[in-house]
Amino acid sequence: MSESQDCLFCKIIAGEIPSTKVYEDETAYAFKDINPKAKVHVLIVPRRHYANVAELAKADPAELAHIAEVAQSIADKEFHGAYRLVFNTGLDAGQTVFHVHAHVLTGEKLDE
Ligand code: 5GP
Ligand code: ZN
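This section reports on the structure supplied with the text. Every chain is numbered on its own, with residues counted from 1 as its sequence reads. Each chain is given a letter, starting from A, and each ligand a number, starting from 1, according to the order in which they appear as written. Note on the predicted model: pLDDT of at least 70 is required for a residue's local features to be given, and 80 or more for side-chain atom pairs to be given and counted; whole-chain, interface and lining totals, by contrast, use all residues. Neither water nor hydrogens contribute to the side-chain values; these are computed over all heavy atoms in the structure.

1. Quick notes on helix α3 (residues 61–78)
Alright, step 1. Helical segments are the DSSP runs of H or I of at least four residues, strand segments are the runs of E of at least two, and each set is numbered from the N terminus. What a helix is expected to span follows from its residue count: subtract one and scale by 1.5 Å. A rise of 1.5 Å per residue sets the reference length of α3, with its 18 residues, at 26 Å; its end C-alpha atoms lie 26 Å apart and thus fit the reference within 8%.
Alright, step 2. We call a residue buried when its accessible area falls under 20% of the maximum for its residue type, exposed when it is over 50%, and partly exposed in between, using a 1.4 Å probe and counting protein chains only. Among all positions of α3, only Glu63, His66, Ile67, Val70, Ala71, Ile74 and Ala75 are buried.
Alright, step 3. Looking at the buried side of α3, the elements it contacts are β1 (21–24), β2 (28–32), β3 (40–46), α2 (53–59), β4 (84–86) and β5 (102–106). Between two residues, a contact is recorded if the distance between any of their heavy atoms is within 4.5 Å.

Here you go:
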């Protein structure tokens, strides 16, 4: 079985598991986090499976830059362009899904 067949976010991207879509294009998909940590909490994922941000940066730096642009556009709509962008990387940093995802936290003033 390939990595992606067993991956929660690959299944969400494929529409096999429902999600609340915020944005999509040819290479990226953005959806609401099921357990929001801010008024607006969106996850942005590349459609292609990479385990974490370091793998993505190495294999496809343009896609990492694209994810940053998508984050900015979501925050422009939701909260005058202010947001926090987080990539938990590794179990001990709280990564639970091993398909790279950017957490976009916005929609309200965030605690420091
Ligand atoms: P991590 O802990 O790996 O950085 O982030 C995984 C995120 O995915 C968590 O914030 C969690 O709430 C979210 N999540 C886990 N399962 C699902 C799901 O089935 N649907 C959605 N929309 N979010 C999920
Ligand atoms: Zn995946």
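Read on, since the account is not over.
2. Quick notes on the site of ligand 1
Alright, step 1. Inspection of the region around ligand 1 gives 16 residues, with Asp33, Asn88, Gly94, Thr96 and His103 positioned closest.
Alright, step 2. Each polar contact in these results corresponds to two N or O atoms within 3.5 Å; when the atoms are within protein, one needs to be able to donate a hydrogen and the other to accept it, and residues that are neighboring in sequence are counted only if both atoms are side-chain atoms. Contact distances for ligand 1 include 3.3 Å between a nitrogen atom and a backbone N or O atom of Ile34.
Alright, step 3. All accessibility values rest on the Shrake-Rupley procedure with a 1.4 Å probe; residue burial counts only the protein chains present in the view. Coverage of ligand 1 by the protein amounts to 83% of the 520 Å² it exposes when considered alone.
Alright, step 4. Those elements that provide at least two residues to the shell around ligand 1 are α1 (8–13) and β2.
Alright, step 5. Asp, Glu, Lys and Arg are counted as charged, while Ala, Val, Leu, Ile, Met, Phe, Trp, Tyr, Cys and Pro are counted as nonpolar; the rest, among them Gly, fall into the polar class. Class assignment of the residues belonging to the shell around ligand 1 gives a composition of 7 nonpolar, 7 polar and 2 charged. A molecule or strand has a residue near it when one of that residue's heavy atoms lies within 4 Å.

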